[in-house]
Amino acid sequence: MLNMFPEAADDDSTTVVCQISAPVCLKVEPVGRWYQAYISRRHHRRTLSHTEDYNSSSSSDYSDDDIITEDEDETFLLTLDPKEWKKQDHYRVLGLGHLRYKATDQQIKKAHKMKVLKHHPDKRKRETHVPRKDGDDDYFTCITKAYEILGHRQKRIAYDSVDPEFDDSVPFVNQDSKDNFFEEFTEVFERNSRWSTTKRVPKLGDMNSSRSDVNHFYGFCQPPQERCRVELTLADKVKLIKDYESTNLTQQQLGQKYGIGKSTVTDIIKKKADYMKQFENNINGSRQRIKTSSKFEEINGLVWTWFQQAVQSIFRYLVRCCRKKHCHLRLNSVSKLLTNGLKAGEGVIRLNRSKSTERVPIALPDRTLGTKSDDCKGDKVSKERLTALFTCSMTGEKIKPFIIGKAAKPRYFKNIDPKTLPVYWNSNKKAWMTSALFEEYLRDLNNQMRRGFNQLDSEITDVEEADDTEEMRNLINEVTGPDVQCTVNEYLNFDDNMPTEETYDGEWEQQILENFIKDKENQDFTMPTMTMTVWFIVDNAYACDPRIKKFKDDEKKRKEDEKRARQEASRLAAEEREKERQATLEAERLAREKEEEEARVKAQAAKKEKDALKKAMKKEKKMFRDTCKKYNYFTTDDAEALKQMQEIEKLCEKLNLTSLQELNQALKSGSEEEAKQAYHSKVQCVNEEIEKEKREMLQSKKSTSGKGGGSSSKWDDCDLQLLTKGVNLFPAGTGSRWEVIAGFINQHSTSGMTRNAKDVISKAKSLQKLDPSVKDAANKKAFDKFEQSKNVKGAAAAEAAAPSERYGENGKLAAASDEVKVETPKQWSAEEQKLLEQALKTYPASTAERWDKISAAVPTRTRKECMKRYKDLVEMVKAKKAVQAQASKGKKI
Amino acid sequence: MAASIGINFGSISCCVAVHKDGKTVVVANDLGDRVTPAVVAFTEREKSVGLAAKQGKIRNASNTITNVKRLLAKRYEDPHVKSYVKKSSCKVIEKACFPVFDVEYQEKRLLINPREVTTLILKKMMDIAKVHGGSAAHDAVISVPLDFSPDQCKQLSNAAKEAGFTVLQLISEPTAAVLAYNIGQETPTDNSTVLVFRLGGTCLDISIISVNSGIYRVLANTTDTSLGGEQLTDQLVEYCAADFQRNWKCDMRENKRSMAKLHSACESCKHVLSTMNSSTVFVESLYDGLDLNCNVSRARLESLFSSILPACLQPLQKVLDDAGLDKADIDKVIVSGGSTRIPKLQKLVRDYFPDAELLNTIAPDEVVAMGAAVQAGLLCTVDEDDIEENGVVECCSKNIMIKILDDNRVEKLLTVIPVNTPIPVRRQHVLQVGKDQCSACIQIYEGVSVEDAKLLAKVVLHNLPVDSEDGKSVTTILHFRREGSLHVTCCEKTSGITQDVTIEVSES
């Protein structure tokens, strides 16, 4: 280094000249490790040296702090036996005993480096006081091994998990841990949180943690989610199907909506027809599934538990073994395993631990079975594959597992006959199940069972007959074989076969339990303990957590409050409604009373008035009569007087109060002559009025009778014919029939009138009504008339008839046309009428052949027509007279 | 340890990198490509994302959505959206002031907004990442352009969340590029100024980033959305079309389908010419049953680009001016974006910055994703509490210098803590002391430059041993504390003579 500091003058001393300028805040990109380091420093108010880089020169103080003093170190290291490296405390070997799992990767690396520098055999050549051994026997191997384990992330986790110094204790659920929840559990969770594969483990929190925090915490700690299984009810499924059809949601979205997987959605949609059918058959909508068969459920369950146990205890091991590089060696141990370890029919497949621990790599808590995609660092993945079939009966009896390997007699069965194995060994090229193998297996099984039944039967009878416990135990051993250890369940099942109460022995049962527990202890259950531990802790914590209790209480309280509020509200509402109802009823009643009152008053008043009016009327009438009497009915003649009396009565009847009063006044006020005049004028007036009324009545009658004729008069025969023609031409059912007919008539009509559909309908109806009466007559006279019209009538008539003849083939049509013709005589013109009247007068009834003459006088009409017309006229006059008579009669009454 | 993901979500293409077990790798998609086109297509049967969608564009142009990134959180009136609508082959309508794509999917009309399209693309990215990172991989860092508004960032992260990611952070693209090259990450004392030259599919983006104590700061940035790889392709397309017209005397420019075919052929030709010296654009039955067979050499391509490539260098001076820097101040130049693969462009940039180191060892279109994945890997290891996204740090406002004598015994100021170094910081400097030197005077200065340096303090070491053999050295440790004061410790190791002084911070 060439640069150097300037020399100081003698009088110079350390001084501060001025202050440094203040720092500034700058916006930077929030990335990179140094930014992160900066932030975490700031966050935790740490000093700079805490996270200073190990590379930088200032990190030298690590060695002082972190790595244990040399003396202790050396003496300890010298005690190490490389052969026992598995049992050594790796952290202590590297001098990190005080840090243990808290040691960072950097620290481990550094510690190892230091140890290597110090203890490497080559380095120690000089130092003679430390004994050296050759090769692997040197204690340096232990250091290497320790670093091998701790330097590898996963191996280190594995080692940490079996760290003897790790406090694996789990607080139990009791009052104590409930009371001191946070003291008990916070530490436990923090201790265990480092096993989490995902970072950012939520903290337990304290009493004041928010609800969502607590939920998040427990959610995080739950065993890795198989998504919780949701089974939709039938109603939901139908809803889903409808949703799928009506909306354009994707299946995935639907799945999210209903909380099920996409494949389940697909399944449901596939089975749509089934579900809809079930739904339509009114199967209860809340049913989740329609049970197909339930009889195998139990057995499925049994096999499943068996399989799980087997997998837990052995299959990890198998897979691990098979994946190792030195396949041959490992497979040898597989053969050992198969020959010694797998015990059939015992419920739990047991791993013979004593012989295989050496080869068992440390099982990792975060792994399940190794799968194809897992990498196998440094090793080669073996292609070895075994397929296993587990079978059991419904009573829980288990049959030898069926194992399929790749070779009929693999190398690792060198001195073993596969037939002697406690499993059925079979093979095919790919080591998987084929139908041929399965069939073979089933056939064997069948045979065996047939044999077995006979045997078992006799043996069980033996057991039943045995009365000594000792004897029975022997027998059981005989039945099941000496090696077999059954699970408690099986023993207990066997208990059912126990003969009598007397032979039942408590001691015996206890022994079974002891056996069972021993069994369990022997089994290789280290595997899942770690995760299990965490779950236990979480379960316990959840049970003890006062916050959960609080939340639950809160929730309960809230619900109760809500319920109460709801009840209150509904009660109030009901009261309100009742009140309202009462009020309206009251109001109605009042209104009704009032109305009634009013009506009564009104009625009274009206009655009064009426009475008064009546009285006045009576009085006036009496007065009038008296006056008339006084004047001697304005006549001297008795007959005249009678008539006048009648008139007076009529007046009394007819005149209202005021005019009667006027009349009375007039009668009273003047002289007799004047009174007479007034009376007569009044009588005349009244009579005129009556006359007028009568006339009006007559007229109205006439107009009503003439009305039908009036409308029909609009229809000349030609049109009528057209109508009939149209009706027949367009039978009922034609589209807008009446319009078409009206159009037809208008088109062909010569009258120049336009008719609409309504007219046509009304006319046709009237014709139809007339039908029955007219028809007979018409039918009778049809021919005559036709003849007559042909002979007598003019060309016009003939012409008019011609079309009807044309359609004559149709009888009905002809009849219809005749019907129309029947009405033609009515159409007498005024001229004709005049001529007829004249003729009637000229030829009185006594004249011979009167009608011939009359018809001659009326040139356009036949004799018959004239006769008919006359008859009609006579009838009309008669009717008129009758009406008049009736009217006058009615008036008189 | 779950893998963490870095995603470069571009307007033309996307790239995924996975950080796992301390290594960062760009992962290939199901077709083996490391870059996936950001194209979504809807057909009668399915929706597809990536190359399949892009290739189907020729047939299914009206239901193929491209270039969606810049539409995020933009209103319909926005001029960018307007121009997009004009150009796009896919129908875009206005709905509640925002643009919405109107496509036909499974024979039904489907309205889909840019965010949902983004979700579809990111889901694809998720699938790709999961193949390599394992099913537990969901922690992601996604890159965004520097000029993305908070709204756009929010929409993007929402889309990512819908796609199943846990978005740890959105990182700006140039920063990601710098991070990918690990600049300033190894040793915290490194200082450098990096220029990131990014020419993507649709935009040119130049940023200058200063790296000080491992902390990045953007000094200047410019974005030009009118330049990009698409434009370059268009030049080639135009050339080929003209060639076709010359050969066959018919104009195929009107035919959209032919143009689409030609466009994709030209694009691949352009890619090939970045590595080869000549290539052929060949399209069978391009128009009216006529084939196009057009040989293009790299020189030809460069001449075609001659108008555009220099234009890309235009903004450089502006950016330098904005940052208040000179060409010579740039230490490193990073090229990113697919278009910077063009050799000519790299040469131009290299010539422009003769003194700077051109970093192009990571494929330019993957570098951003790599950086994002590095950041994701980093964030995975830190506590959630320690993640802070608003990057404001306290820095010292002036250079802290000490006076030394150089070889010629000339006094000189040496910067120990440069300006804008985040505090707290500790730096040490070791200097030898002459054999016969019995005292040393360490003078601490502060100032923006050497000229206006102001003496802060003097630390004097007296009575240094004279007879030492190895030569003495004086270690000066400058410790800038959080509260702003500077603590100076000077010590001579052999004799153990130590002096220290604290310079307080001024109130102003």
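- As annotated in an unreviewed UniProt entry, chain B is Heat shock 70 kDa protein 14 from Saccoglossus kowalevskii.
- The record held by UniProt for chain B lists under Subcellular location (unreviewed entry) the comment "Cytoplasm, Cytosol".
- If you open the UniProt record of chain B and go to Function (unreviewed entry), you find "Component of the ribosome-associated complex (RAC), a complex involved in folding or maintaining nascent polypeptides in a folding-competent state. In the RAC complex, binds to the nascent polypeptide chain, while DNAJC2 stimulates its ATPase activity."

## Concerning the overall build of chain B
Move 1: Counting its secondary structure elements, chain B contains 11 helices and 28 strands.
Move 2: For chain B, the proportion of its 508 residues judged to be buried stands at 54%.
Move 3: In chain B, once contacts between residues fewer than 6 apart in sequence are set aside, the share between residues at least 24 apart is 60%.
Move 4: Accessible surface, chain B as shown: approximately 21600 Å² in total, 47% of it carbon and sulfur.

## A word on unusual backbone geometry
All names here are of chain B.
Move 1: Cis geometry is found at the peptide bond from isoleucine 423 to proline 424, where omega equals 0 degrees.
Move 2: Mapped onto the fold, proline 424 is located in the loop between β22 (411–417) and β23 (425–433).
Move 3: We note that serine 213 has phi near 55 degrees; this positive angle belongs to a residue other than glycine.
Move 4: For serine 213, the position within the fold is in the loop between β14 (204–212) and β15 (215–224).
Move 5: The exposure class assigned to serine 213 is buried, which follows from its relative accessible area of 9%.

## Digging into the sheet that holds strand β1 (residues 15–16) of chain A
Move 1: Spatially, five strands are ordered β1(A)-β25(B)-β24(B)-β21(B)-β22(B) in an open sheet, and the strand pairing comes out antiparallel. In this open sheet, the two edge strands, each paired with only one partner strand, are β1 of chain A together with β22 of chain B.
Move 2: Looking at chain direction, β1 of chain A and strand β25 (residues 454–461) of chain B are connected through two bridges and run antiparallel. The residue of β25 of chain B that forms the bridge with threonine 15 of chain A is lysine 458 of chain B.

## Remarks on the interface of chain A and chain B
Move 1: Facing 57 residues of chain A, the contacting portion of chain B comprises 97 residues.
Move 2: Note on chain A versus chain B: buried area summed over both sides is about 7000 Å², and carbon and sulfur give 55% of it.
Move 3: If you look at where chain A meets chain B, you find zero salt bridges.
Move 4: Here chain A is connected to chain B by 18 residue pairs in polar contact (both at pLDDT 80 or more).
Move 5: Of all elements in the fold, only β1, β2 (24–27) and α1 (33–44) of chain A reach the threshold of two or more residues within the side of chain A that touches chain B.

## Structural notes on the confidence of the model for chain B
Move 1: Per-residue pLDDT for chain B has a mean of 86; in total, 98% of the residues score no lower than 70.
Move 2: Reported confidences for the modelled complex are a pTM of 0.47 and an ipTM of 0.85.

## What to know about the sheet that holds β23 of chain B
All names here are of chain B.
Move 1: Here four strands make up an open sheet; going across it, the order is β23-β26-β27-β28 and the pairing antiparallel. A single partner strand is all that each edge strand has here, and the edge strands are β23 and β28 (497–503). In this sheet, neighbouring strand axes are inclined to one another by 15 degrees on average, regardless of whether the strands run parallel or antiparallel.

## A short note on the pairing of strand β18 (residues 332–336) of chain B
All names here are of chain B.
Move 1: Of all the five residues making up β18, four are buried; the element is thus mostly covered by neighbouring parts of the structure.
Move 2: Pairing between strand β13 (residues 191–199) and β18: five bridges, direction parallel. Each residue of the ladder has a partner; that of leucine 195, found in β18, is valine 333.
Move 3: For β18 and strand β19 (residues 357–359), the ladder comprises three bridges, and the chain directions are parallel. Looking at the pairing, lysine 332 lines up with glutamate 357 of β19.

## Here's the deal with the nonpolar core
Residue and element names in this part refer to chain B.
Move 1: Ranked by internal contacts, the top residues of the largest apolar core, which has 50 residues, are Phe197, Leu262, Val281 and Phe353.
Move 2: Every residue in contact with valine 281, bar those within four places of it in the chain, is listed here: Cys240, Leu262, Ala265, Cys266, Cys269, Leu292, Asn293, Cys294 and Val296.
Move 3: Listed in part, the 46 residues of the second largest apolar core include Ile5, Ile142, Phe148 and Ala159.

## Topic: the pattern of salt bridges
Opposite charge on two side chains lets them pair, provided their charged atoms get close.
All names here are of chain A.
Move 1: Applying the stated criterion to the full structure yields 27 salt bridges over all chains.
Move 2: Residue lysine 272 pairs with glutamate 245 through a salt bridge whose shortest N-O separation is 2.6 Å. One end of the pair, lysine 272, is in helix α14 (residues 272–280); the other, glutamate 245, is in helix α11 (residues 234–246), with 27 residues separating them in the sequence.
Move 3: You can call lysine 272 partly exposed: its relative accessible area is 32%.
Move 4: Since its relative accessible area comes to 47%, glutamate 245 is described here as partly exposed.

## Considering the packing of helix α3 (residues 114–133) of chain B against helix α4 (residues 150–162) of chain B
Residue and element names in this part refer to chain B.
Move 1: Interhelical geometry of α3 versus α4 gives an angle of 50 degrees and a closest axis separation of 8 Å. By the angle between their directions, the pair α3 and α4 is classed as oblique. Regarding α3 and α4, the two cross each other, and that crossing is right-handed. Of the residues in α4, those in contact with Arg115, Thr118, Thr119, Leu122 and Lys123 of α3 are Gln155, Leu156, Asn158, Ala159, Ala160 and Glu162.
Move 2: Here the contact of α3 with α4 is composed, by residue class, of four nonpolar, four polar and three charged.

## Describing helix α6 (residues 229–248) of chain B
All names here are of chain B.
Move 1: With 20 residues, α6 extends 28 Å between its outermost C-alpha atoms, agreeing within 8% with the 28 Å of an ideal straight helix rising 1.5 Å per residue.
Move 2: Within the sequence span of α6, burial applies to Gly229, Leu232, Thr233, Leu236, Val237, Tyr239, Cys240, Ala241, Asp243 and Phe244.
Move 3: Buried residues along α6 sit in contact with α7 (256–273), β16 (278–287), β17 (290–297), α8 (298–304) and α9 (309–323).
Move 4: Of the residues flanking the end of α6, it is lysine 249, one or two places downstream, whose phi is positive at about 60 degrees.

## With respect to the packing of α11 of chain A against helix α12 (residues 251–258) of chain A
Residue and element names in this part refer to chain A.
Move 1: Relative to each other, α11 and α12 sit at 145 degrees, their axes nearing to 11 Å. Seen from above, α11 lies across α12 with right-handed handedness. Here Asp236, Lys239, Leu240, Asp243 and Tyr244 of α11 lie close against α12, whose contacting residues are Gln251, Leu254, Lys257 and Tyr258.
Move 2: A class-by-class count of the residues in the contact of α11 with α12 yields four nonpolar, one polar and four charged.

## A closer look at the packing of aromatic side chains
All names here are of chain B.
Move 1: Considering all chains together, one arrives at three aromatic pairs over all chains under this definition.
Move 2: For the ring pair phenylalanine 42 and tyrosine 105, a centre distance of 5.4 Å and an interplane angle of 70 degrees mean the geometry is edge-to-face. On the criterion of sequence distance, the pair formed by phenylalanine 42 in strand β5 (residues 40–42) and tyrosine 105 in strand β9 (residues 98–105) is long-range, its members being 63 residues apart.
Move 3: Given the relative accessible area of 13%, tyrosine 105 is considered buried.

## Here's the deal with the side chain of serine 258 of chain B
Move 1: Position of serine 258 of chain B among the secondary structure elements: in helix α7.
Move 2: Excluding anything up to four places from it in sequence, serine 258 of chain B contacts Met252, Leu286 and Tyr287 of chain B.

## Digging into the confidence of the model for chain A
Residue and element names in this part refer to chain A.
Move 1: On average, residues of chain A score 67 in pLDDT, and 56% of them are at 70 or above.
Move 2: Considering each helix and strand of chain A separately, the mean pLDDT is smallest for helix α17 (residues 353–356), with a value of 29, and largest for helix α23 (residues 546–630), with 88.
Move 3: Long-range and interchain partners of residues 319–333, a stretch whose pLDDT sits below 50, account for 33 contacts in this model, where long-range means more than four residues apart.
Move 4: Scored below 50 in pLDDT, residues 706–713 shows one contact in the model against residues more than four places distant or in partner chains.

## Considerations on the environment of cysteine 15 of chain B
All names here are of chain B.
Move 1: Note on placement: cysteine 15 falls in strand β2 (residues 13–20).
Move 2: A relative accessible area of 1% places cysteine 15 in the buried class.
Move 3: For the pair cysteine 15 and glutamate 366, spaced 351 residues apart in sequence, the C-alpha to C-alpha distance is 6.3 Å.
Move 4: Beyond its immediate sequence surroundings of up to four residues, cysteine 15 is in contact with Gly6, Ile7, Asn8, Val26, Arg34, Asp365, Glu366 and Ala369.

## Observations regarding the side chain of glutamine 185 of chain B
Move 1: With respect to the secondary-structure elements, glutamine 185 of chain B resides in the loop between α5 (173–180) and β13.
Move 2: Looking at glutamine 185 of chain B, the relative accessible area reads 3%, which means it is buried.
Move 3: In terms of polar contacts, glutamine 185 of chain B uses its side chain to reach the side chain of tyrosine 216 of chain B, at 3.3 Å.
Move 4: Glutamine 185 of chain B has contacts with Gly32, Arg33 and Trp34 of chain A together with Leu179, Gly214 and Tyr216 of chain B, leaving out every residue within four places of it along the chain.

## Thoughts on the environment of threonine 189 of chain B
Residues and elements named next belong to chain B.
Move 1: Within the secondary structure, threonine 189 is located in the loop between α5 and β13.
Move 2: For threonine 189, a relative accessible area of 42% puts it in the partly exposed group.
Move 3: In sequence terms threonine 189 and arginine 427 are 238 residues apart; their C-alpha atoms lie 8.2 Å from each other.

Scoring rules and cut-offs
- Residues numbered from 1 in each chain as written.
- Chains lettered and ligands numbered in written order.
- Predicted model: local features only at pLDDT ≥ 70, side-chain atom pairs only at ≥ 80, totals over all residues.
- Heavy atoms only, no water.
- UniProt positions renumbered as here; feature names shortened; annotations may be inferred.
- Helix = DSSP H or I, 4+ residues; strand = E, 2+ residues; numbered from the N terminus.
- Buried < 20%, exposed > 50% of the residue type's maximum accessible area, 1.4 Å probe, protein only.
- Contact = heavy atoms within 4.5 Å.
- Areas by Shrake-Rupley, 256 points an atom, 1.4 Å probe, with all protein chains shown as cover.
- Pairing = 2+ DSSP bridges.
- Buried area = accessible area lost by both parts, 1.4 Å probe.
- Salt bridge = Lys/Arg side-chain N within 4 Å of Asp/Glu carboxyl O.
- Polar contact = N/O pair within 3.5 Å; in protein donor to acceptor, adjacent residues only side chain to side chain.
- pLDDT = per-residue confidence, 0-100.
- Axes fitted to C-alpha atoms, helices over the stretch in contact; angles between N-to-C directions.
- Core = buried A, V, L, I, M, F, W, Y, C linked by side-chain atoms within 4.5 Å.
- Parallel < 35°, antiparallel > 145°, perpendicular 65-115°, else oblique.
- Left-handed = near helix turned anticlockwise from the far one by under 90°.
- Nonpolar A, V, L, I, M, F, W, Y, C, P; charged D, E, K, R; others polar.
- Expected span 1.5 Å × (residues − 1).
- Phe/Tyr/Trp six-rings, centres within 6.5 Å; stacked < 30°, edge-to-face > 60°.

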